[in-house]
Amino acid sequence: MTVKTFAEVEIPDQVRDAMGEELIGLPDPAHDIDYSMTRVHQIFARLPVDELRQLLDFGRHVDTPGVTLVRNLPADPELPPTPVDGGPAADKKTFVAESVLLGLSGLLGEPVGITTEKAGRFVHDVVPVATGATSQTNMGSAVFLNFHNDIVYDAIGRYDVSNPDFLVLSCLRQDPDGKAVTYYADARDVVAALPAEMTDVLRKPLFRLNAPGNYCREHAGGEPVYADPMPIISGPEDTPEIAVSANGVLALTGTAQEAFDRLQAACREVAHQVRLAPGTALLINNRKGLHARSQFAARYDGTDRWLQRTYVRRSLWTIRYRLTTGDRRVMA
Ligand SMILES: O=C(O)CCC(=O)C(=O)O
Ligand SMILES: [Fe+2]
């Protein structure tokens, strides 16, 4: 593999401290997202040019890594207990974490909300929730969250069109045992690890993605809501796009099922692994690869793992058919 598929950016200490002093005065971005996006744009624009360029390149180029770990980010001076209900925390006094998340997101595109995911909020709290402990969703903890990308239900019959181009995952609190691992398998590495005949099958429209768990619960009584048959891998050989739903993929033939199982195994073989800790964030390209999460212990006592996440579109224009009236960034 000639293309580098994982990269790191480390913020120098004095830059982290100077940014932290500015970010600590910012309001809750939920009040006025475009004001907050503008302020964090000003603050993140002053990153050193090499680091800034690397983050911008992540968002704008085809041949850059599918995942980048950002380290030594500013953090809130104190944190309330981890929410146990899927968030947000009611008693958070400063919004450094939210502002860091949005500052990184703004270097890649525009954060968007989805009405069936975290009530359309832009900042998603990714925390273990007891009722979803064994689910294939971001609420889970007791089971391995299979390799997937984040897709959205769409009446056009494809869930990989209006979905986010990027995810940003930022860590506020690690799980107390420090065991939770986030994985990223770049489709370029996955294809290289698979026999060509398997990739050929994955490129055929023999797969139906199930809608996200939250969508199925809210709109279909928990029953599957499958998209139209589509390929898992598409696009040019050296720059493939990949789409897999966490909540189940219906393979339409035995060969397709075999190829899908081989794909999940190949992802495990080639995946980059990160243990997110406070002050670190993961930039994830949601088209170049698939991500997954290990099992980890959850206690539901305020000490649990706590990430914040955004869904980012490079442009809102191509999802304008899904935007809710009066809301410039939320999809129904
Ligand atoms: O918890 C993680 O590390 C990743 C969870 C996930 O897949 C997501 O938030 O989309
Ligand atoms: Fe995910």
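Only a predicted model underlies this, so the values are computations on that prediction, with no experimental measurement involved.

So, how was this worked out
For every chain, the first residue of the written sequence is number 1, and numbering continues from 1 onward in sequence order. Chains and ligands are labelled sequentially in the order written, the chains with letters from A and the ligands with numbers from 1. Per-residue local features of the predicted model are confined to residues with pLDDT of at least 70, and side-chain atom pairs are confined, for both listing and counting, to 80 or more; whole-chain, interface and lining totals are unaffected and use all residues. Excluded from the side-chain calculation are hydrogens and water; included are all heavy atoms of the structure. Here, a salt bridge means any side-chain nitrogen of Lys or Arg that lies within 4 Å of a carboxyl oxygen of Asp or Glu. Strands are runs of DSSP state E lasting at least two residues, helices are runs of H or I lasting at least four, and both sets are numbered from the N terminus onward. Buried means the residue's accessible area, taken with a 1.4 Å probe over protein chains only, is under 20% of the maximum for its type, while exposed means over 50%, and partly exposed covers the values in between. Pairing between strands is defined by DSSP: at least two bridges between the two strands are required. Only the stretch in contact is used when fitting a helix axis, every axis being a line fitted to C-alpha atoms; angles between N-to-C directions are given from 0 to 180 degrees. Every residue pair with non-hydrogen atoms within 4.5 Å of one another is taken to be in contact. Given the number of residues in a helix, its expected span is that number minus one, multiplied by 1.5 Å.

Novice: For this particular structure, what's the right way to read the pattern of salt bridges?
Specialist: Side-chain pairs of opposite charge can arise whenever the charged atoms involved come near each other. For the coordinates displayed, the defined rule picks out 21 salt bridges. A salt bridge links D57 to R60, with the shortest nitrogen-to-oxygen separation between them at 2.9 Å. Placement of both D57 and R60 in helix 3 (residues 49-60) is noted, with a separation of three residues, approximately one turn of the helix. Taking relative accessible area as the criterion, R60 reaches 42% and is therefore assigned partly exposed. Among the charged side chains, a salt-bridge network with shared partners connects D34, E110, R328 and R329.

Novice: I keep staring at the sheet that holds strand 14 (residues 289-293) and nothing clicks. Help me out?
Specialist: Paired through their backbone hydrogen bonds, the strands of a sheet run either parallel or antiparallel. Spatial strand order, 5-14-7-12: four strands in an open sheet with antiparallel pairing. The open sheet has two free edges, formed respectively by strand 5 (145-148) and strand 12 (272-274), since each of these has just one partner strand. Strand-to-strand twist of the sheet, defined as the mean angle between neighbouring strand axes without regard to direction, takes the value 15 degrees. Strand direction decides the pairing type here: strand 7 (residues 182-186) and strand 12, joined by three bridges, are antiparallel. If you follow T182 over to strand 12, its bridge partner there is V274. Lying over the sheet, helix 8 (residues 254-270) contacts strand 5, strand 7, strand 12 and strand 14, oriented at roughly 95 degrees with respect to strand 5.

Novice: Hey, could you run me through helix 3 in this one?
Specialist: For the α-helix, the turn length of 3.6 residues means that residues three or four positions removed from each other point alike. Between its first and last C-alpha, helix 3 extends 16 Å over 12 residues, near the 16 Å set by a 1.5 Å rise per residue. Within helix 3, the full set of buried residues consists of E51, L52, L55, D57, F58 and G59. Along its buried surface, helix 3 packs onto strand 1 (6-10), helix 2 (33-44), strand 2 (67-71), helix 4 (96-106), strand 6 (166-173) and strand 13 (281-285).

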